Each structure stands twice: as structure tokens, then as C-alpha cells.
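# Descriptive structure summary
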Amino acid sequence: MMVGALYEYALREGLLEDPDVEPLAVDFFLVVADDGRFLTLVPTADEKGRVPRRDVPRIPKRANAILPGFFVDNAKYVLAHGGDEAKARRNPERNAAFRELVDAAAKETQDPAARAVAAFLGRLDSELPRILKQRAEWTGEERLAFRWSGDDVQLVHERPALREAWRRKRSAEEEDGGPPMRCLVTGRWGPVARLHPSIKRVPNAQPAGASLVSFNEEAFCSHGLDQGYNAPISRPVAEGYVTALNHMLSGDGERRFRRGVALGEDAVAVFWTREAEQAVDALLALLDAPATQQETSSPPGVRQALHFAEAPLRGLEPAAFDDRPFYALVLGGNAARVVVREWFESSVRDLKQSLGEWFDDLRLEGGRGRPLPLWQLLRAVEPPGRNGNPPDLAGKLLGAAMMRRPLPRELLAAALRRLRVPDKGDAPGFLLYARCALIKATLLRLRRLSPRLPEVSMALNPDSPEVSYQLGRLFAVLERLQYAALGNVNASIKDRYFGAAMANPGVVMPRLIRLSTAHAAKADRSGRWLDKLMGQIMDRFPSKSWPHTLTLEAQGLFAVGYYQQREDFFRKAASADAEQPET
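These numbers were taken from a predicted model, which means no experiment stands behind them.

Basis of the calculations
Residues numbered from 1 in each chain as written. Predicted model: local features only at pLDDT ≥ 70, side-chain atom pairs only at ≥ 80, totals over all residues. Heavy atoms only, no water. Helix = DSSP H or I, 4+ residues; strand = E, 2+ residues; numbered from the N terminus. Contact = heavy atoms within 4.5 Å. Buried < 20%, exposed > 50% of the residue type's maximum accessible area, 1.4 Å probe, protein only. Pairing = 2+ DSSP bridges. Axes fitted to C-alpha atoms, helices over the stretch in contact; angles between N-to-C directions. Salt bridge = Lys/Arg side-chain N within 4 Å of Asp/Glu carboxyl O.

## Topic: the side chain of Glu-342
- Within the secondary structure, Glu-342 sits in strand E12 (residues 338–347).
- Once residues within four sequence positions are removed from consideration, Glu-342 is found in contact with Ala-328, Leu-329, Val-330, Gly-395, Lys-396 and Arg-405.

In C-alpha cells form, the structure reads like this:
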């Protein structure tokens, strides 16, 4: 189903109008004369260093084999130059294979541009020093295409005779492939792809690209079959689903991924629908928009996306495409291949309802008022000094947002662990908000599974009967009282005691209350008001009932109570400043 849906996307987007080509970045045009003389090297990058993509003949899947491209390839094949010492030893073989393919095409088509390139490759030894003078450093990965001086319109590989020659060559290779088999996607009999093309820009995968379907060990094979014959998929389908993924994972100038969202450093999620694209645009705008674009002054795209997601909650009429299927895929990588971590299949209507519920669950008074991007939520709970979150955490978070799944308790534990560690960055307030929003959402979804768990409100709830919530409020008052007495200090009671108070309040809180007596004596008028508020909170539960330890869920309530009381202080302070008369 997943491969079939990707193949349908490629057909719908017109990505397979010419199945013999693929869009790739071409770094340089190498201009040659009729007799093969090198004329100039033309860089294609713009002033910002961005290299445009062009349709080029599909580069074969190489692994460790030497397989040249058709008139377009990297410098190791075209110039026999570049790469480290170990890789450079095979450059003469690479160039010989590239030259053999060009010579055959020139002889078959008698195209003057192809003959000019063949002549250039025949005199490469004498032309190479002139090329290297125009560019001092070569990695070997620079992709080059040829331009003939007699044609200012088309590159050499774009000429009709050579495009037809390339099509015939690929058709012959397909016919000479392995035994005909039934394609698992289309159900048709015919040749199947032995090696699937590479998927690029997947986090943690090989930089040159990796396969989603591959069989690189004998233990993975059966019935005497090798490589892709173990999972028979026709070549058009294999190239189609890979082209679709590469299209969605490519950048578009504004986003890192055209149809995807980065989930931390080790995963990416891509989205698509069978027909309409509005759902994907909405999801991208809401889950991956920069935080600065999620305020009230958000751009039209984000406002339109919010309107889309809130439609079910506001009683708007369903859109015409609400019944269309919606797909999402979470990808990661390892040393061998691309890994599918999550696969989601839903409808646009269900997606709307899930997003609306997700935003409500995350909403906290005093926050930004807009949903947080997933990458910021993941960053907020990332362990300090370690290599990111667990690999499956990002997929679970995305599943909660799109499929109304419960948030895992491990996410609650991760947020609480990060609250115990003082932040050294310049945005501790934002990180506190993000973590408490996640804690609130997790507690709400756990309560839907177990109604015995306490309710969590969006705003401050002074009448909450939960002792752990009131203890969090009390800690916020103690912190405020210290600030009123001493101002900013190097290490506040939050820096020193928050984690311990959240886990073992019965041990830590009495000590902090005794310390607050000295703070109240040094504070100004606000000290008396804070001391009174502290008494009102403590009246809601007898001191003997203070728990010595709190469960994970109770610690979450402590954190939410602390955050909401703290935000209430800031809101009142802002209102008081606004009411001050001008002098």
C-alpha cells in the first residue's frame, strides 16, 4: 500500500512523464568545441550558492560497481579527477566506462554534439590542466553536464537523438533483465527491478543516498533469488516511488523539505494526499513553520492553515475533499538502508479533527497561542549532552498529532527530566512553556484512557483538589518571594531545588517554607501579598498529608501548576505596568 501510494503520487505530480530522466543538481556545464577542445567551465550556482536541478538521464544504482551516467556524471567519471586517495585509484576505470558509453552513443546516432564530447574525452589528458585552472579544488562529487558550442539552447544529453538513444538502451536493459515476475504493486507480469534507485536527504542515511528495498546479505534472500527479486517490483514502480520520495524530500527554497517535516536530527516525516494538496500545506504550515511566524501577525499561509484545522471545531461545512485519503511516512536511516519508522493512513476529515484536538491539548494560557512545530517540541525534551531523543519518539509524537494516539509515558518522563536540569540557553521561558505544554497534552490523553487520572486545565485553577498541582503553585510562590527579596541571584531555588521538590515534596518543601520566612522579611509590599497567597494555597491541604514522593503523573501536575502560577504572576505584572500613569 505504501509503495503504491507513492507511485500514484509520482503519476499525479507528473514526475514520471519521462521515466528515463530524473531531476538532479548539475554543478557545472563543460563547454566543448566541434573538435573536442575545452572552451570553458560554466558554474550553475546562483549568488546564494544554490544549484538548480535539471532533468538528466537516470544515474544507475552503483553500490561499489562502476556504472557510468549517460553524458552526465560526477568529476570522477567525466574527468577521472577527484576523491580521496583510495577512491581516486578507480578514476581511470570510471572514466573509461563513461567514455565507452559516449563513444557508443556517438557512433549510433552520429549526432555532432555527441561526437564533440567523444573527441573531448579522447584528448582529456591534454585538456584537463586547462579545466583545473578554472577551479582549484575538486571533491570528485561535482556533477557535470556537457554543452556543445554549436547548440546554445540544449545541453548535449537533451538533444532529441541522444534522448531516444538513452530510451532504447534502457528498454533493452529492461528486456534483458531477470525472469518475468508479478509486480507486488501493479499485479502485472514482466521484468522487475533488481536494484532500486537511491533515496536522498534522509537523516542518518548515506549522504549519496540509500535504498528503501535492498537485500545485501545472503540471509535476507530465499528460493535462490537475489537482490530485488525477493520483493518483485517493476522498474517503473521502483523508479516512481523513489522519484516521489526524492521530490518530497527536496528543498524548495523556503523549507528544508518540500513536503516534509524534520523530526529532530534523525528522522523526517513526509505527507501527501491522493488528490488535493491543501491538507499537506496546512500540516506543513502548522507543524514546521518558524516560531516567529506563529504569532498573531502570522503570514496568510499559516492563518489559512489554522482556518483549515479549526474548521470541524467551528462547525464549518466539510470541504469537498474531506473523504480523500491522507498518507504520512516517517523515515530514518542507518548504514545500510532507509528505515520506515511509521506509516499513517487516514482521511483529510480525520486529519482536521486530530489536528484540532492536538492544538487544544497543547494550549496553555500565557503561551504563544499557536501550535508549536514538532522539531521544537522534540528539542525541548532532548537530553542534554547526548545524541538526540530515542529514534521512535518522533514518530509517536507525530502519530499523536495526526491520529489522536495517546502520548507515551516516556515523553512525560523525558519532559520532567529536562525540567530538572537548568537551561543554559537564552530561551528558558520558551523551553519551560514547550515542556509544560507537552506534559499537559500527555496527561490529558492518558486521562482519556484512564478517567481516574485528574483533569488538567488550560489556565490557572486555584480550586484544583489535586495536592501535587497546589504544590507546584506553592513552589512558584516561593520562587517569586525569593525574587522579591533578593532580585536576580546566581542560583535561584528553582535552579537548586525544583527537581527534588517535584519528586519528593514532603522532604524539600518544608525546608523551603522555613527559608521563605527570611525572604518575606526582606521583601517589599509584594512580600506580604505573596506570604498571604502562600497561606491560601497551604490551607487547601493539611501539611501532614504532603506526599514524600510523587508518581510520574503527579509530577506532571506539579510542573503544570508551577508554570500556570508563574504565568499568572507575569500577566498581573504586565497589567499593572500597563495601568501605570505616564509622568
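The discussion continues.
## Focus on the pairing of strand E6 (residues 143–148)
- E6 sits mainly inside the fold: 5 of its 6 residues count as buried.
- In this sheet, E6 lies alongside strand E2 (residues 28–32) in parallel orientation, the contact comprising 5 bridges. From the neighbouring strand, Val-32 faces E6, where its bridge partner is Trp-148.
- As judged from the 3 bridges shared by strand E5 (residues 72–74) and E6, these two strands associate in the antiparallel manner. Across the sheet, residue Val-72 finds its bridge partner in E6, namely Ala-145.

## Here we look at the sheet that holds E6
- Ordered by their spatial adjacency, 4 strands build an open sheet running E3-E2-E6-E5, and the pairing between neighbours is mixed. Only two strands of the sheet have a single neighbouring strand rather than two, namely strand E3 (38–43) and E5. Strand-to-strand, the axes of this sheet are offset by a mean angle of 30°, without reference to chain direction.
- Each of E2, E3 and E6 is contacted by helix H5 (residues 112–122), which is oriented at about 125° to E6, the strand it contacts most.
- In this fold helix H6 (residues 124–134) packs onto E2 and E3, with an angle of close to 30° to the strand it touches most, E3.

## Considering the pattern of salt bridges
- The full count for this structure, using the stated rule, is 32 salt bridges.
- Between Asp-361 and Arg-448 there is a salt bridge, with the nearest N and O atoms lying 2.7 Å from each other. Of this pair, Asp-361 sits in helix H11 (residues 348–362) while Arg-448 sits in helix H15 (residues 428–449), and the two are 87 residues apart along the sequence.
- Judged by its relative accessible area of 45%, Arg-448 is partly exposed.

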